[in-house]
Amino acid sequence: MPTWRLHDIGIPEDLAEEVARVYGYFRLESKLPVTANLSVPANPLLHWEYQAKKNLADLGFTEIFNYSLVSREIFKKANLDPDPSIALTNPLTSEFEYMRRSLIPSLLMDLGNNQGKVDLPIRIFELSNIYLPADSAGLPEERSILTTATQGIDYRRSKGYLETLLASLHLPNISFIPAEESLGPWQPNQTAEVYSDKHFIGVFGAIKPGVKEAFKLNGEVYLAN
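What about the overall build of the protein?
The helix and strand inventory of the protein stands at six helices and ten strands. Compactness check: the protein gives a C-alpha radius of gyration of 25 Å against a globular reference of 17 Å for 225 residues, more than 25% above the reference. Along the first, second and third principal axes, the C-alpha atoms of the protein reach 75 × 45 × 40 Å. Put simply, the protein has 225 residues, and 35% of those count as buried.

Some points on the environment of Phe75
Among the structural elements, Phe75 can be located in helix 3 (residues 72–77). Counting along the chain gives 28 residues from Phe75 to Leu103, while the straight-line C-alpha distance between them is 11 Å. The residues touching Phe75, leaving out its near neighbours within four places in the chain, are Val70, Leu80, Asp81, Pro82, Ser85, Tyr98 and Arg101.

Here's the deal with the side chain of Lys159
Tracing the backbone through its elements, the reader meets Lys159 in helix 5 (residues 155–168). Taking the relative accessible area as the measure of exposure, Lys159 reaches 17% and is therefore buried. If sequence neighbours within four positions are ignored, Lys159 has contacts with Phe176 and Phe204.

What to know about the nonpolar core
Core analysis: the largest hydrophobic core is formed by 22 residues, its most contacted members being Leu108, Leu111, Ile124, Ile207, Phe215, Leu217 and Leu223. Going through the elements one at a time, helix 3, helix 4 (104–113), strand 5 (122–134), strand 9 (199–207) and strand 10 (221–224) are the ones with two or more residues in this core. Of all the elements, helix 4 adds the most residues to this core, at four residues.

Some remarks on helix 2 (residues 44–58)
Residue pairs spaced three or four apart in an α-helix point in one direction, given the helix's 3.6 residues per turn. Taking 1.5 Å as the rise per residue, helix 2 with 15 residues should run 21 Å; its terminal C-alpha atoms sit 21 Å apart, in good agreement. Against strand 5, strand 6 (140–151) and helix 5 lie the buried residues of helix 2. Here helix 2 starts with a cap whose side-chain oxygen sits 2.9 Å from the backbone nitrogen of Leu45, and that cap is Asn43. Count one or two residues on from helix 2 and you reach Gly60, which has phi positive near 95 degrees.

Looking at the pairing of strand 10
Of the two faces of strand 10, both are covered, the one formed by Val221 and Leu223 as well as the one formed by Tyr222 and Ala224. The sheet contact formed by strand 6 and strand 10 spans four bridges and is antiparallel. Across the sheet, Thr150 pairs through a bridge with Tyr222, a residue of strand 10. Examined bridge by bridge, strand 9 and strand 10 share three bridges and lie antiparallel to one another. The partner of Gly205 across the bridge, within strand 10, is Leu223.

Here we look at the pattern of salt bridges
Summed over the entire model, instances satisfying the criterion amount to seven salt bridges. Among the salt bridges present, the one from Lys54 reaches Asp58, with a minimum N-O distance of 3.3 Å. Taken as a pair, Lys54 and Asp58 lie in helix 2 at a separation of four residues, close to a single helical turn. By relative accessible area, Lys54 is classed as partly exposed at 38%. Looking at Asp58, the relative accessible area reads 56%, which means it is exposed. Between Glu141 and Arg143 there is a salt bridge whose closest N-O contact spans 2.8 Å. For Arg143, a relative accessible area of 38% puts it in the partly exposed group.

With respect to the sheet that holds strand 2 (residues 69–70)
Here we have three strands laid out as an open sheet, ordered 2-4-3, and antiparallel in their pairing. In this open sheet, the two edge strands, each paired with only one partner strand, are strand 2 and strand 3 (86–87). As paired strands, strand 3 and strand 4 (residues 98–99) are joined by two bridges and run antiparallel to one another. Across the sheet, the residue bridging to Ala87 is Tyr98, located in strand 4.

Calculation rules
Residues numbered from 1 in each chain as written. Predicted model: local features only at pLDDT ≥ 70, side-chain atom pairs only at ≥ 80, totals over all residues. Heavy atoms only, no water. Helix = DSSP H or I, 4+ residues; strand = E, 2+ residues; numbered from the N terminus. Rg over C-alpha atoms; globule rule 2.2 N^0.38 Å. Buried < 20%, exposed > 50% of the residue type's maximum accessible area, 1.4 Å probe, protein only. Contact = heavy atoms within 4.5 Å. Core = buried A, V, L, I, M, F, W, Y, C linked by side-chain atoms within 4.5 Å. Expected span 1.5 Å × (residues − 1). Polar contact = N/O pair within 3.5 Å; in protein donor to acceptor, adjacent residues only side chain to side chain. Pairing = 2+ DSSP bridges. Salt bridge = Lys/Arg side-chain N within 4 Å of Asp/Glu carboxyl O.

Given below as structure tokens:
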């Protein structure tokens, strides 16, 4: 063994590797050792995420993948306050300064980037993690969120897409209750809180004209989050 490799062997696996190398890898049988096939329990969350994606694709939606890091500017354009978000200590650029706590700004940006490039109507969705302020252990809370966006589609049809999705996921007794407050990007009097029985599951509605103007969006735009 060359002197410069004196410290290469530190654990039994290193010695086995050296023996195999000297013996010749080509002399080893190209057959994997027999191991026990341990069953791994399925993750229910992944199952329902797959079902949601499949059902939305069947309804004509396109899945979008965006960066988990966003800018302060995109928060402002979506009428959201960036301060509760987690800021990076040393961001590479101002465009990737915060860990996103909502999928809405990114989807509105996607609609804006496709403005004039793709014929309406547009139906898109993203199912990904958002990042909330640190818990007691000092780690950010990761939460899987589904957000859909339609452009150039009226209220009834957009709401119908959401109702069809929720029915396909077997959520019982869906109800839409007018939101008392329309904060963030939501348009007053055109936003509803969505419940399954008494469980709050999300918000559906139109976005404010000022937010549409900030993202240079034309036509009706509805979000479900």
